[in-house]
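Structural overview
Next come the chains, spelled out residue by residue.
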Amino acid sequence: MSCDTKVKISIIIPVYNAGRSILRCLCSVSRQTFKDYEVIVIDDGSKDASASLAEKYIARDEILNTRARVISKPNSGVADTRNYGITLAEGEYLAFIDQDDFIARDYLERYYRAASLEKFCCRKPNSGADIVVGGYERIASDGRIITRVIPKPSDWAGYIVTAPWAHLFKTDFIRNNELKFLKNKIGEDVYFNVVALNCGANVEVINDSGYKWYYNTESVSNSVQNTFKDDVDVIYLMDSIVDAIGDNTYSPYLEYFFLRYVCWYMLFSTRGSRKLDIDKVYSKCFAWIGKNFPDYRKSKYIGTRMPKGENPKFHAFVFVFYLLERIHILKPVLKMFGK
């Protein structure tokens, strides 16, 4: 934003039937060491008392009562809700937090400090970072840390966490490139992040796991993608990314990302799916890969080499997945886990 920006960071929190988890989320925001922010809580037509709970908490919190607002709208999904939040934001940067999650006390301070580094000034005067990428901890209901992910500085790092959280986005960069979340039942945030990375962004990667991703077994992301469904269209997602990027589509990292994403989608959704559906999705996914990346078997990243910063375990899955595909036994192996 311009020098007239009212605040440094706009925090956008989409809410739908959050119950009391929204209070933990708001509490973590209130306790931030960095104070120059606004909070936009957008209730997406909740059927419970999420909006009123948030309003009551904000009203009695001495930090948030001057910085936060709750906006209610008819239900239209998380993509529309986040896009609406972008239009309302007054901050120089955008941060996204999901309703079940929370952040460490110095989360905003660390991200904003990284965004303000002068290392980019030789390319874009006084620009700072367009995107700051960090990591997260996956938190169980009993407080255990299930997983900790901290990306290492590299050109691949931006593809490791494709959720909107654990990022800070320059508001002007998002608006000037007309970036929006995709209205789709899978990967609306993947679309946003991957397209953003391929718009010439200045990206800063930080050694941080201050975002706490709460493991909610009832969340949409844990249910909608665990079997193949007719209304979950991964081809539409991948086509939309390619269309948005246009002439910049090919890079070794982007090719590997798509190959990795197909691997993840097939492995994650196969168990419990019908064998007929596995066969159908397999054919669609590999037809898409063959059309967009006809030389994918020659990718240097699905062999023994992997992108700098990639998790060796994930790379091993990709390597074995495409090895089985190359020798024509991947489909029958996947079908063994179907029903």
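Here is what the cut-offs are and how they apply
- Residues numbered from 1 in each chain as written.
- Predicted model: local features only at pLDDT ≥ 70, side-chain atom pairs only at ≥ 80, totals over all residues.
- Heavy atoms only, no water.
- Core = buried A, V, L, I, M, F, W, Y, C linked by side-chain atoms within 4.5 Å.
- Buried < 20%, exposed > 50% of the residue type's maximum accessible area, 1.4 Å probe, protein only.
- Helix = DSSP H or I, 4+ residues; strand = E, 2+ residues; numbered from the N terminus.
- Expected span 1.5 Å × (residues − 1).
- Pairing = 2+ DSSP bridges.
- Axes fitted to C-alpha atoms, helices over the stretch in contact; angles between N-to-C directions.
- Parallel < 35°, antiparallel > 145°, perpendicular 65-115°, else oblique.
- Contact = heavy atoms within 4.5 Å.
- Nonpolar A, V, L, I, M, F, W, Y, C, P; charged D, E, K, R; others polar.
- Polar contact = N/O pair within 3.5 Å; in protein donor to acceptor, adjacent residues only side chain to side chain.
- 1 Å grid on protein atoms, 1.4 Å probe; cavity = no way out; pocket = protein on both sides within 12 Å on 5 of 7 lines; lining within 4 Å.
- Points joined across faces, edges and corners; volume = space filled by probe spheres on them.
- Salt bridge = Lys/Arg side-chain N within 4 Å of Asp/Glu carboxyl O.

Let's shift gears to the nonpolar core. Ranked by internal contacts, the top residues of the largest apolar core, which has 63 residues, are Ile241, Phe257, Phe258 and Tyr322. Of the residues forming this core, the biggest block, 10 residues, is contributed by helix H8 (residues 252-270).

Here we take up H8. For H8, spanning 19 residues, the distance from its first C-alpha to its last is 27 Å, which sits close to the expected 27 Å at 1.5 Å a residue. Positive backbone phi, at 95 degrees, marks glycine 272, one or two positions downstream of H8.

Now for the pairing of strand S4 (residues 91-96). Of all 6 residues in S4, 6 are buried; the element is thus mostly enclosed. Bridge count for strand S1 (residues 7-15) against S4 is 5 bridges, and the pairing is parallel. Bridge pairing in S4 links isoleucine 12 to phenylalanine 96. Both S4 and strand S9 (residues 167-170) contribute to a ladder of 2 bridges, which runs antiparallel.

Bringing the sheet that holds strand S5 (residues 102-103) into the picture now. Pairing between the strands of a sheet comes from backbone hydrogen bonds, and it takes one of two forms, parallel or antiparallel. Pairing in this open sheet of 4 strands is mixed, and the strands run S5-S11-S7-S8 from one edge to the other. In the strand order of this sheet, the two ends are held by S5 and strand S8 (145-149), each with one partner.

This part is about the packing of H8 against helix H9 (residues 275-292). With their axes 11 Å apart at the nearest point, H8 and H9 run at an angle of 180 degrees to one another. Looking at the two axes, H8 sits roughly antiparallel to H9. The segment H8 lies against H9, with Phe258, Leu259, Val262, Tyr265, Met266 and Thr270 engaging Ile278, Val281, Tyr282, Cys285, Trp288 and Ile289. Broken down by class, the residue content of the contact of H8 with H9 amounts to 11 nonpolar, 1 polar and no charged.

Relative to the helices and strands, lysine 331 resides in helix H11 (residues 330-335). In contact with lysine 331, other than residues within four places in its own chain, are Asp279, Tyr282 and Ser283. One polar contact links lysine 331 to aspartate 279, side chain to side chain, over a distance of 3.1 Å.

A few words now on the layout of surface pockets. Considered as a void within the structure, the second largest pocket measures approximately 340 Å³ in volume. Along the wall of the second largest pocket there are 16 residues; nearest its centre are Ser154, Asp155, Leu197, Ala201 and Val203. At 3 residues, strand S10 (residues 203-205) tops the list of elements feeding residues into the lining of the second largest pocket. Partitioned by chemical class, the residues of the lining of the second largest pocket number 8 nonpolar, 5 polar and 3 charged.

Time to look at the pattern of salt bridges. A side chain of one charge can pair with a side chain of the opposite charge when the charged atoms of the two come close. Here the structure, examined in full by the defined rule, presents 16 salt bridges. In this structure, the salt-bridge partner of arginine 110 is aspartate 208, at a minimum N-O distance of 2.6 Å. Of this pair, arginine 110 sits in helix H4 (residues 107-115) while aspartate 208 sits in the loop between S10 and strand S11 (211-214); the two residues are 98 residues apart in sequence, bridging distant segments of the chain. The buried category is assigned to aspartate 208, whose relative accessible area is 5%. Close ionic contact of arginine 144 with aspartate 142 constitutes a salt bridge, the shortest N to O distance being 2.8 Å. Overall, the relative accessible area of 52% leaves aspartate 142 in the exposed class. Each of Arg82, Asp98 and Glu188 takes part in one network of salt bridges that share partners.

Take helix H10 (residues 312-326) next. An ideal rise of 1.5 Å per residue puts 21 Å on 15 residues; H10 measures up with 21 Å between its terminal C-alpha atoms. For H10, the complete set of buried residues consists of His315, Val318, Phe321, Tyr322, Leu324 and Glu325. In this structure asparagine 311 caps H10, since a side-chain oxygen of it lies 2.8 Å from the backbone nitrogen of lysine 313. Immediately downstream of H10, the backbone of histidine 328 shows phi near 65 degrees, a positive value.

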